[in-house]
Amino acid sequence: MITKLRDAVKGKKSVSEDTVLQAFNVRKSYGSRANVQQVLKGIDLRVEKGEFVGIMGASGAGKTTLLNVLATIDRATEGSILISGSDISKMKDAQLSAFRRDKLGFIFQDYNLLDTLTVKENILLPVSLGKMKKKVAEAEFRSIADILGITELADKYPYEISGGQKQRTSAARALINQPSMVFADEPTGALDSKAASSLLGTLADVNGKRGVTIMMVTHDPLASSYCSRVVFLKDGNIYSELYKGDKTRQAFFQEILKVQAVLGGDSIDAL
């Protein structure tokens with residue numbers, strides 16, 4: 001796999017037309033000279049179209065750093081990252097900004113909604129900065145708002161809705177631009193268990209029905225049990241991976257717990 005990925009990064013061989021993200025030898029360090037801290041130590045990772053990938057690991061394993069680097073929020077110190085065939089590691093800041101706006105979606109723990117805009121205006125904000133026609137944007141808004149169950153909230157402001165509704169609004173905003181990939185950083189971290197389960201179920205539904213590719217960083221095995229694959233990090237390296245396949249979510253949850261116990265992460269007793 002590593003050889004195939006290396007060839008793909010060099011442009012010698014295509015891994016797969018369905019490969020959305022491919023990363024080779026991704027490293028990230030902070031500091032300088034004698035105070036260098038290496039957080040990512042040579043990550044090789046491939047994500048296929050339509051996957052729902054969870055990233056897990058103990059505190060300090062490099063989860064958020066990896067997501068930030070792959071999502072263009074931060075730059076890798078070394079390595080190559082291709083998203084939909086475009087090498088983001090070679091882009092200049094202006095190119096990267098445009099690529100992020102047009103090709104990627106983001107769901108953050110703290111929602112990042114603008115209180116001066118309505119729910120609908122927050123959701124449509126990314127396309128207002130792009131090239132999507134107004135009629136297409138309106139149709140996409142109606143479709144996504146319906147799937148996420150927030151149609152009736154369109155004219156409300158963020159301070160008038162619940163945390164779960166805010167995160168659904170954030171998810172709709174991430175999806176409105178029909179991105180190549182959606183990145184989610186602890187999207188259920190600020191939600192109660194009911195709202196968290198509802199959001200995760202909806203993301204899994206969107207992933208399955210619309211084929212949206214999602215990468216989610218989480219410390220929660222319950223959240224990861226909604227994914228189709230979970231990648232575990234340890235000390236800046238990939239430790240192991242689990243695939244859900246035909247397993248029930250309960251069975252997948254138990255497998256995740258076992259790996260997490262070995263890594264020393266948080267755990268919970270029941271689904």
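One structure accompanies this document, and this report is about it. (Residues numbered from 1 in each chain as written. Predicted model: local features only at pLDDT ≥ 70, side-chain atom pairs only at ≥ 80, totals over all residues. Heavy atoms only, no water.)

Let us look at the sheet that holds strand β5 (residues 86-87). Remark on secondary structure: sheet strands pair via backbone hydrogen bonds, oriented parallel or antiparallel. Pairing in this open sheet of four strands is antiparallel, and the strands run β2-β1-β4-β5 from one edge to the other. Both edges of this open sheet fall to β2 (37-48) and β5, since each of them pairs with a single strand only. Relative to β5, strand β4 (residues 78-83) runs antiparallel, the two being bridged by two bridges. Following the sheet pairing, Leu 82 is matched in β5 by Asp 87. (Pairing = 2+ DSSP bridges. Helix = DSSP H or I, 4+ residues; strand = E, 2+ residues; numbered from the N terminus.)

Before going further, it helps to examine helix α4 (residues 119-128). Every α-helix carries 3.6 residues per turn, so stepping three or four residues along brings you back to the same face. Three or more residues of α4 are buried, namely Val 119, Asn 122, Ile 123, Leu 124, Pro 126 and Val 127. For α4, the secondary structure elements touched by its buried residues are α3 (93-103), α5 (134-148) and α6 (163-175). (Buried < 20%, exposed > 50% of the residue type's maximum accessible area, 1.4 Å probe, protein only. Contact = heavy atoms within 4.5 Å.)

Okay, the pattern of salt bridges next. Following the criterion strictly, the structure yields 10 salt bridges and no others. Put simply, Arg 101 and Asp 102 hold a salt bridge, and the shortest N to O gap is 2.9 Å. Judged by its relative accessible area of 33%, Arg 101 is partly exposed. With a closest N to O distance of 2.4 Å, Arg 210 and Glu 140 form a salt bridge. With a gap of 70 residues between them, Arg 210 in helix α7 (residues 193-210) and Glu 140 in helix α5 connect regions that are remote in the sequence. The class of Arg 210 is partly exposed, set by a relative accessible area of 34%. Residue Glu 140 is classed as buried on the basis of its relative accessible area, which comes to 9%. (Salt bridge = Lys/Arg side-chain N within 4 Å of Asp/Glu carboxyl O.)

Such coordinate-based values are descriptive only and should not be taken to indicate function.
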